[in-house]
Amino acid sequence: MTATRIDGKPVAEALRARIGRDVAAFVQATGIVPGLTVVLVGDDPASQVYVRNKGKHTTDAGMKSDTILLPADTDQQTVLATIARLNADPAVHGILLQLPLPAHLDPLSAINAIDPDKDVDGLHPVNAGRLAQGLPGFVPCTPLGCMLLLEGVIPDFSGLEAVVVGRSNLVGKPIAQLLLGRNCTVTMAHSRTRDLAAVCRRADILVAAVGKAEMIRGGWVKPGAVVIDVGINRFPSTTGGKDRLVGDVAYAEAAEVARAITPVPGGVGLMTVACLLSNTLDAARRRHGVSG
Ligand code: NDP
C-alpha cells in the first residue's frame, strides 16, 4: 500500500480564505475589527519567524495584528503587567504569549494571567477544563488543525482506536480529548509506555507528537491506519540553505503501510496558524455576541 499524502496546504488555504470572508462579514455587521496581540519575550530566532508569520496571516485575513516585543531580561512582573493591560483592552480579542519564554520566567503563571476568553492558544487551565468537559472554549491550534486534516480522510470516527504518542498540554492531551469527543477509543502513550511499538500497532488513527525525529517506524503502523505527524525536528542545513525539517514518523516506511499520512513539512504545521485565526475570530464573535 502507498498511503495518500494528507496535504495541509490546500486545507489551510481554504480555511484562511473562509476566515477572511467571515472577518469581512463580522466587520460589516459590527464595525469592529478582530484583533490579535502576540507577546514575544526575547530574541529566539525561530520564535521571531513564527511571530512574523502569524502577524502576516492575521492582517491578510483582515484582522488587526500587534506584536509586543519585550527584551530577554524582562522580569515576570512586567510580563504579567503586559498581559493585564491586554486583558483590559477592548480592541484586543486574542492574546498569544509566544513560547518558550526565557528560562528565568514562569510560563504557567503567565498563561494563567491571560483572560480565558482571550486565550486563543487554548492553554489556560479554564480552557483545558472546558475541553475536558466538552464545553465550548478555546482549543489549542495544532490539535484543532490535526482534527481538520483527519476529517478530510475519516468519514466516521466512532469506535476507532486512536493512539496519541506524547502528552503535552499543548498537543498530546488536547488531541486525545478531541478524539475522545468524537467517540474514538483513545490511548495516550508517553516516554514510560511499555512496548510502544505494539501500542502504536493497535491504532486506526496514530498521532505522533513527541519531538524525536523518525522515532515511529513503518513496522509500528497498523496496515490501513491514518497517521498524523505533528513532530517538527529541525536540522541545520549543511549547505547554508534552509534548515531541514523532519517529523516524528519515518515517512517513507510508514507510507508503505498506512492508508493516509501527513508529510513534514507540508502537513500539520500549515494548519496551526490558520486555526489561530479561526480562534481569534471566534473570540471577537463571542465578545460581541455574534454567532458564527
Ligand atoms: P513536549 O516535549 O512538550 O512533549 C513531548 C511528549 O513526547 C512528552 O509527553 C513525552 O513523554 C513524549 N516522549 C518523549 N520521548 C518519548 C519516547 N521515547 N517515547 C514516547 N513518548 C516520548 O513536545 P510538544 O508536545 O510541545 O511537541 C511535540 C512535537 O510537536 C515537537 O516536535 C514539536 O516541535 C511539534 N509541534 C508542532 C507544532 C506544529 O505546528 N506542527 C506545534 C507544536 C509542537 P513524557 O511526558 O513522558 O516526558
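Throughout what follows, the structure given in this document is the object of discussion. Predicted, not measured: the structure shown is a model, and the values here were computed from it. (Residues numbered from 1 in each chain as written. Predicted model: local features only at pLDDT ≥ 70, side-chain atom pairs only at ≥ 80, totals over all residues. Heavy atoms only, no water.)

### A few points about helix α2 (residues 45–60)
Using the following cut-off: For helices the rule is a DSSP run of H or I covering at least 4 residues; for strands it is a run of E covering at least 2, with both sets numbered from the N terminus onward. A helix is expected to span 1.5 Å for every residue after the first. Throughout, exposure labels follow a simple rule: accessible area from a 1.4 Å probe, protein chains only, divided by the maximum for the residue type, with under 20% read as buried, over 50% as exposed, and the rest as partly exposed. Contacts between residues were defined by any pair of non-hydrogen atoms, one from each residue, lying within 4.5 Å.
The first and last C-alpha atoms of α2 sit 23 Å apart over 16 residues, in line with the 22 Å expected at 1.5 Å per residue. Residues of α2 that are buried: Ser47, Val51, Lys54, Gly55, His57 and Thr58. Packed against the buried residues of α2 are α1 (8–30), β2 (35–41), β3 (64–70), β4 (94–97) and α10 (268–287).

### Focus: the packing of aromatic side chains
Two aromatic rings, taken as a pair, are described by how far apart their centres are and by the angle between their planes. In plain terms, the rule: Aromatic contacts are taken between Phe, Tyr and Trp rings whose centres are within 6.5 Å, Trp giving its six-membered ring; a plane angle under 30 degrees counts as stacked, one over 60 as edge-to-face, and the others as tilted. For a ring to carry a charge above it, either NZ of a lysine or CZ of an arginine must fall within 6 Å of the ring centroid while also lying within 35 degrees of the normal to the ring plane.
All told, the structure shown has zero aromatic pairs when counted by the stated rule. The residue whose ring lies beneath Arg286 is Phe138, and the NZ or CZ to ring-centre distance is 4.4 Å.

### Describing the site of the ligand
Put simply, the rule is: Any residue with a heavy atom positioned within 4 Å of a molecule or strand is treated as near that molecule or strand. Polar contacts here mean pairs of N or O atoms no more than 3.5 Å apart (in protein, one a potential hydrogen donor and the other a potential acceptor; neighbouring residues in sequence count only if both atoms are side-chain atoms). Polar here means any residue outside two lists: the nonpolar Ala, Val, Leu, Ile, Met, Phe, Trp, Tyr, Cys and Pro, and the charged Asp, Glu, Lys and Arg; Gly therefore counts as polar.
Looking at the ligand, there are 21 residues lining it, with Arg167, Ser168, Ser191, Ile232 and Thr272 nearest. Between the ligand and Arg167, the relevant distance is 2.7 Å, taken from an oxygen atom to a side-chain nitrogen or oxygen of the residue. Between the ligand and Ser191, the relevant distance is 2.5 Å, taken from an oxygen atom to a side-chain nitrogen or oxygen of the residue. Among the residues forming the shell around the ligand, the class breakdown is ten nonpolar, nine polar and two charged.

### A look at the nonpolar core
This is how the line gets drawn: Definition used in this section: a nonpolar core is a set of buried Ala, Val, Leu, Ile, Met, Phe, Trp, Tyr and Cys residues joined via side-chain atoms within 4.5 Å.
Grouped together as the largest cluster of nonpolar side chains are 49 residues, with contacts concentrated most on Leu150, Leu179, Ile205, Ile228 and Val230. Looking at this core, the elements with two or more residues in it are α1, β2, α6 (141–153), β5 (161–165), α7 (172–181), β7 (205–208), β8 (226–229) and α10. A per-element tally of this core places α10 first, with nine residues. For Ile228, the residues in contact, after removing those within four places along its chain, are Ile6, Cys146, Leu149, Leu150, Leu206, Val207, Ala208, Thr262 and Val268. Judged by nonpolar contacts, the second largest core, of 22 residues, contains Cys200, Ala203, Val221 and Ala254.

### Looking at the sheet that holds β2
Here is the rule: By definition, two strands form a pair when at least two bridges between them are found by DSSP. To obtain each axis, a line is fitted to C-alpha atoms, and for helices this fit is confined to the stretch in contact; angles are then taken between N-to-C directions over 0 to 180 degrees.
On the basis of which strands lie adjacent, the open sheet formed by three strands has the order β3-β2-β4 and parallel pairing. Each edge of the open sheet carries a strand with a single partner, namely β3 and β4. Between one strand axis and the next, the sheet turns by 15° as a mean value, whatever way the strands run. Alignment of β2 against β4, held across four bridges, turns out to be parallel. Following the sheet pairing, Val38 is matched in β4 by Leu96.

### Here's the deal with the pairing of β8
Burial along β8 is two-sided: the residues Val226 and Ile228 and Val227 and Asp229 are all buried. Two strands pair when backbone bridges link them, and β7 and β8 are joined in this way by four bridges, in the parallel orientation. Residue pairing for β8: Leu206 is matched across the bridge by Val227. Where β8 and strand β11 (residues 260–261) come together, two bridges link them in parallel fashion. Note on β11: the bridge partner recorded for Val227 is Ile261.

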